[in-house]
Amino acid sequence: MTTPLVWIFFGLMVLSVPIAHAMLGGVAAALWLDGKPMAVIAQRLYTPTQSFPMLAIPFFILAGNLMMSGKFGVYLVNTARFVVGNFKGGLGQVSVIGSVMFGGVSGSAVADATALGNALIPVQKAEGYPAGFSAAINSASSTVSVLIPPSIPLILYGLVSGVSIVDLFVAGILPGVMLGLGMCIAVAVVAHMRNLPRSPLAGGFTAFRSQILAAIPALLMPVFVIGTLRFGIATPTEVSVMAVAYALLVSGLVYRDLTFGGIWEAAVDTGRMTGAVMIIIMASSTIQWVLTAERVPQELAEWVQAAFAEPWMVILALNIVMLIVGAFLDLPAAVLLLGPLFVTIGQAIGLDLVQLGLMMVVNLAIGLYTPPVGTTLFISSAISGASIGATVRALLPFYGVAIVVLLLISYVPALTIY
Amino acid sequence: MAAGDNKSPQTGGKGRLRPFLGPVRGATNLLDWSGRIIVFACLTSMFAALLVNVVLRYAFGAGIAWAYEIHAILLPWLVAGGLVIASARAGNISVTILSDVLSGRRRLVLNFMVQATIFVISVSILWSSQPILKASQFQTLSTLGIKQVWGYSSIAFAFGAMALLAVFGLLRTLSGEDITDRDPALASLS
Amino acid sequence: DEVIFAHGSNPGNPRFVAAEKWAESFAECSGGAHSVNVAPSATMGDDAEMLTSATAGVIQVTANSQGAMSQIVPEIGLLGLPFLFEDLPTAWAVLDGEVGDMIDQRAQNAGLKVLGFWDNGIRHVTHTDKAVATPGDIAGMQIRTPPDQMTVDIFEALGAAPAPLAWSELPSALQSGVFDGQENPLVNIFSANLHEITPYITLTGHQYQATPVVAGMVWWSGLDVATQQCALDATAKAGEMQRQLVLESDEDLRPKMEEAGAQFAEADRAAFQEATQSVYDKYAETYPELVQALRDAAGL
Ligand code: NA
Ligand code: NA
């Protein structure tokens, strides 16, 4: 069944059929050709919706949506501006530091690229930043959001691998900070070469004090999330619900910009994103059924072990496969598609599954700003008006930083396993 | 934004199909709205149940048993509602390289093929889900006492709606409208 | 024809071993007309989903759970009445008799044929920091239960604060202190390493659970009488072995867990029985005859 499944899936995907439907088409044809009951599709589609931990996904998306719909973004940019605005290329640094801070509120890189891109790219261009460079900073740095907890891709990996979401969240912080720092260095180098201006916060410390006081309640959200998880106050799903309550409180009591219309929009958008991501989880669950029935993951793991003599070669091979897949496929879809296979391979070579999870997310996040399909790349180029080509050229130093971090995560277990 | 009001046909629509376009847009809008109402209802009730449960558990040491079971019905419906919204706005995750390099008539032909494929696949899943829907009539959730078929029927709703939306997409494509012209942020969840 | 026999257990579990045995026996006595594909480790879905699949004909047979089955045939849940069976052999005698036949009748109306009953074992309570020898020790305890009304009723009757939680979230929830403890058969406690987080294991034996082996009615009624008998025999034969393995594995597990630091304690069974009579009364309102029959059979 596997061969027709794979061909039909790829064929339909190349023809621009939505990925979930491409998967389902492949599975349906494979089952039909094999004379197996097609009712299994509806059954397997339903399975992921019965998982209680899965609820963390809509609630973390909702918490981020609620938090970002208000004035928090302005305070956040001003706070970052006081901290790093004084450097050459200050607004570029603000974009990176802003993404790190933003990452604690949102689990999604797209939300970050849209919100910070709209706030910063026009100002950067007015200060003389080349449009491509502005887009490059925004598209690369926004991916830090998926490493700083909360993180939708890490939850998805946790669900497919059975690894504790708490462990993954904790392990994501250091790689996220490393990426952020590396990108700050890349911005600094380019800023000196191009002599980009400093952009300190007008009003100095007095202005900073008012801005940071307003930003603090929102900036405390990652502390709240990690704290409640780590010190055992609640399970990930419960924390995601409390994060929504927290976001409602902060925007209602602190920012005072909570309206029914705002809640309605945030909820509807959460539903749209949950539906679009869950249908892929559900469709992968039908594929997993076919693959498991034919023992594909085990056979693949055995083949990989026979083909590569050393674990480091396997890790390199996994990374290369992910870079290629990530260039074409959206991050959550790639995690779901590769996760179950990679977990089997990782276990066979004795790779820690938390480390594998971080390796996957760091790697596949690079795909968000590589052509031919890169979501943050497209969003940022569209906002700045730069061509994709110009943005990609300006992205070269950021690719370098990301690859270095990826290699460190892949080969230095101490960075992700405590 | 609904799909019906944020996109205008590239051409005025071919004469023969023009009378259909109004109703098609209206029906697309209606499905989009059904999705929005389902999503809002499911999300808010699950939020309320789980929050109350957490608070009760920490404040009084006793939670509500069904708070851990309510998602068994409401999460599938949240997903179904969200899927209908995403599909009504052509917002399902796809690899659009081919559709992006094509333009004009070729792009419309490709869009037509894609909508036809979505229709065929959605209908076959809808059709093949019957034995499962029948079987789930016998299952009752332990603490809530609700039949599982209420959850499973969300699959039928979602794929039925996607099949309908694909038919609408076919009609709109035939009239010359480019239904895949959309915001990249809407088509990704990264 | 290919017969899919699905279950949720991993290698090493008695159910896993028995499923292999079933496959072998059934292939043999059906004279090679059927080959059996055993799908372990919940690869065909969880227990409730496997039952749906069997009813719908996606799979043919499943070794399932009492909890999931009671969503279809509520009467089977009564086997989980508190402190009902003194020991496993008493439970077997009841299941292999009239009570078992009655459950089979009800299941057939819902599209499932009960081929027989294997064991899941007897459930015990584990706690993070104390033994729970008397009902007083359990009062106020935050205890995780499966989403099963009977289990919730038992612990509410004992004055505890039971809260159902997904099995997958249990280790992290216990580790983080969201719960004081949980309750499960020893084999589950051991396989998930729960004795390392909740080392105080009291042998309450508060609830018996069977592993009903069921086939989809559509498949079942399409078989000739000889093949039907063959499936029943295969279930009985594998069941005999499985029940023995469950007994032995409970005996094996205790020293293994003690080595890892677990503290075992006995419970005051009479006191617990006394404290949970209200649960019998509650279920006797809906199922007076069956509750009485179970009481009689168990000598309560
Ligand atoms: Na984040
Ligand atoms: Na890419």
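Residues numbered from 1 in each chain as written. Chains lettered and ligands numbered in written order. Predicted model: local features only at pLDDT ≥ 70, side-chain atom pairs only at ≥ 80, totals over all residues. Heavy atoms only, no water.

**Some details on a nonpolar patch on the surface**
Residue and element names in this part refer to chain A. A cluster of nonpolar side chains, Trp312, Leu316, Ile320, Leu323, Ile324, Phe328, Ile403, Val404, Leu407, Leu408, Tyr411 and Val412, forms an exposed patch at the surface whose accessible area comes to about 1000 Å². Per-element accounting of the nonpolar patch gives the leading share, 6 residues, to helix α16 (residues 311–328). Within the secondary structure, Leu407 is located in helix α20 (residues 388–411). On the basis of relative accessibility, which here comes to 41%, the residue Leu407 falls in the partly exposed class. (Patch = residues over 30% accessible without salt bridge, like charges linked within 9 Å, V, L, I, M, F, W, Y side chains within 5 Å. Areas by Shrake-Rupley, 256 points an atom, 1.4 Å probe, with all protein chains shown as cover. Salt bridge = Lys/Arg side-chain N within 4 Å of Asp/Glu carboxyl O. Helix = DSSP H or I, 4+ residues; strand = E, 2+ residues; numbered from the N terminus. Buried < 20%, exposed > 50% of the residue type's maximum accessible area, 1.4 Å probe, protein only.)

**A look at the UniProt feature "transmembrane region" (unreviewed entry) in chain B**
Residue and element names in this part refer to chain B. Mapped onto the present numbering, the UniProt feature "transmembrane region" (unreviewed entry) falls on residues 37–60, 66–88, 108–129 and 149–171. For residues 37–60, the helix share is 100%, the strand share is 0%, and the end-to-end C-alpha distance is 34 Å. End-to-end, the C-alpha atoms of residues 149–171 are 33 Å apart, and along that stretch the chain is 100% helix and 0% strand. (UniProt positions renumbered as here; feature names shortened; annotations may be inferred.)

**Brief notes about the interface of chain C and chain A**
Across the boundary between the two partners, chain C contributes 17 residues, which contact 19 residues of chain A. When chain C packs against chain A, the two sides together hide about 1400 Å² of surface, and 61% of this comes from carbon and sulfur. A per-residue breakdown of the area chain C buries against chain A is headed by Glu49(C), Val58(C) and Glu169(C), which together make up 37% of the total. For the salt bridge of Glu2(C) with Lys36(A), the shortest nitrogen-to-oxygen distance reads 4.0 Å. Taken together, chain C and chain A are joined by 2 residue pairs in polar contact (both at pLDDT 80 or more). With 3 residues, helix α2 (residues 47–56) of chain C is the largest single contributor of residues to the side of chain C that touches chain A. (Contact = heavy atoms within 4.5 Å. Buried area = accessible area lost by both parts, 1.4 Å probe. Polar contact = N/O pair within 3.5 Å; in protein donor to acceptor, adjacent residues only side chain to side chain.)

**Considering the interface of chain B and chain A**
Facing 62 residues of chain B, the contacting portion of chain A comprises 68 residues. Carbon and sulfur atoms make up 78% of the surface buried where chain B meets chain A, a total of about 5600 Å² over both sides. Taken together, chain B and chain A are joined by 7 residue pairs in polar contact (both at pLDDT 80 or more). If you tally residues by element for the side of chain B that touches chain A, the top one is helix α2 (residues 18–60) of chain B, at 14 residues. Split by residue class, the side of chain B that touches chain A holds 41 nonpolar, 18 polar and 3 charged. (Nonpolar A, V, L, I, M, F, W, Y, C, P; charged D, E, K, R; others polar.)

**Let's talk about the packing of aromatic side chains**
Applying the stated criterion to the full structure yields 23 aromatic pairs over all chains. Aromatic side chains Tyr369(A) and Tyr399(A) sit 5.6 Å apart centroid to centroid with 5° between the ring planes, which places their arrangement in the stacked category. Taken together, the residues span a long stretch of sequence, with Tyr369(A) in the loop between α18 (353–366) and α19 (375–384) and Tyr399(A) in helix α20 at a distance of 30 residues. Ring centres of Phe85(C) and Tyr208(C) lie 5.5 Å apart, and the angle between their planes is 90°; this geometry places the pair in the edge-to-face category. Of this pair, Phe85(C) sits in the loop between α3 (66–69) and α4 (88–95) while Tyr208(C) is found in strand β8 (residues 200–216), placing the two residues 123 residues apart along the sequence. Assessed through its relative accessible area of 2%, Phe85(C) is described here as buried. Judged by relative accessible area, Tyr208(C) falls into the buried class, the value being 2%. The positively charged end of Arg36(B) is found above the aromatic ring belonging to Trp33(B), 4.2 Å away from the centroid. (Phe/Tyr/Trp six-rings, centres within 6.5 Å; stacked < 30°, edge-to-face > 60°. Lys NZ or Arg CZ within 6 Å of the ring centre and 35° of its normal.)

**Some points on the packing of α16(A) against α20(A)**
Residue and element names in this part refer to chain A. Interaxial distance between α16 and α20 falls to 11 Å at its minimum, and their mutual angle equals 140°. The angle between the axes of α16 and α20 places the two elements in the oblique class. At the point where α16 passes α20, the crossing takes the right-handed sense. For the pair α16 and α20, contact is made by Trp312, Ile315, Leu316, Asn319 and Leu323 and by Ile403, Leu406, Ser410 and Tyr411, respectively. The class makeup of the residues in the contact of α16 with α20 is 7 nonpolar, 2 polar and no charged. (Axes fitted to C-alpha atoms, helices over the stretch in contact; angles between N-to-C directions. Parallel < 35°, antiparallel > 145°, perpendicular 65-115°, else oblique. Left-handed = near helix turned anticlockwise from the far one by under 90°.)

**Comments concerning the nonpolar core**
Counting residues in each nonpolar core, the largest one holds 277 residues, and the members touching the most others are Ile19(A), Phe59(A), Leu356(A), Phe398(A), Leu81(C) and Leu294(C). In terms of residues, this core owes the most to one element, helix α14 (residues 260–293) of chain A, which gives 16 residues. Non-local contacts of Phe398(A), meaning those with residues more than four positions away in its chain, are made with Phe133(A), Ala136(A), Ile137(A), Ala140(A), Met183(A), Ala186(A), Val187(A) and Tyr369(A). In terms of nonpolar packing, the next biggest core, distinct from the first, is built from 23 residues, Ala19(C), Trp22(C), Ala23(C) and Met217(C) among them. (Core = buried A, V, L, I, M, F, W, Y, C linked by side-chain atoms within 4.5 Å.)

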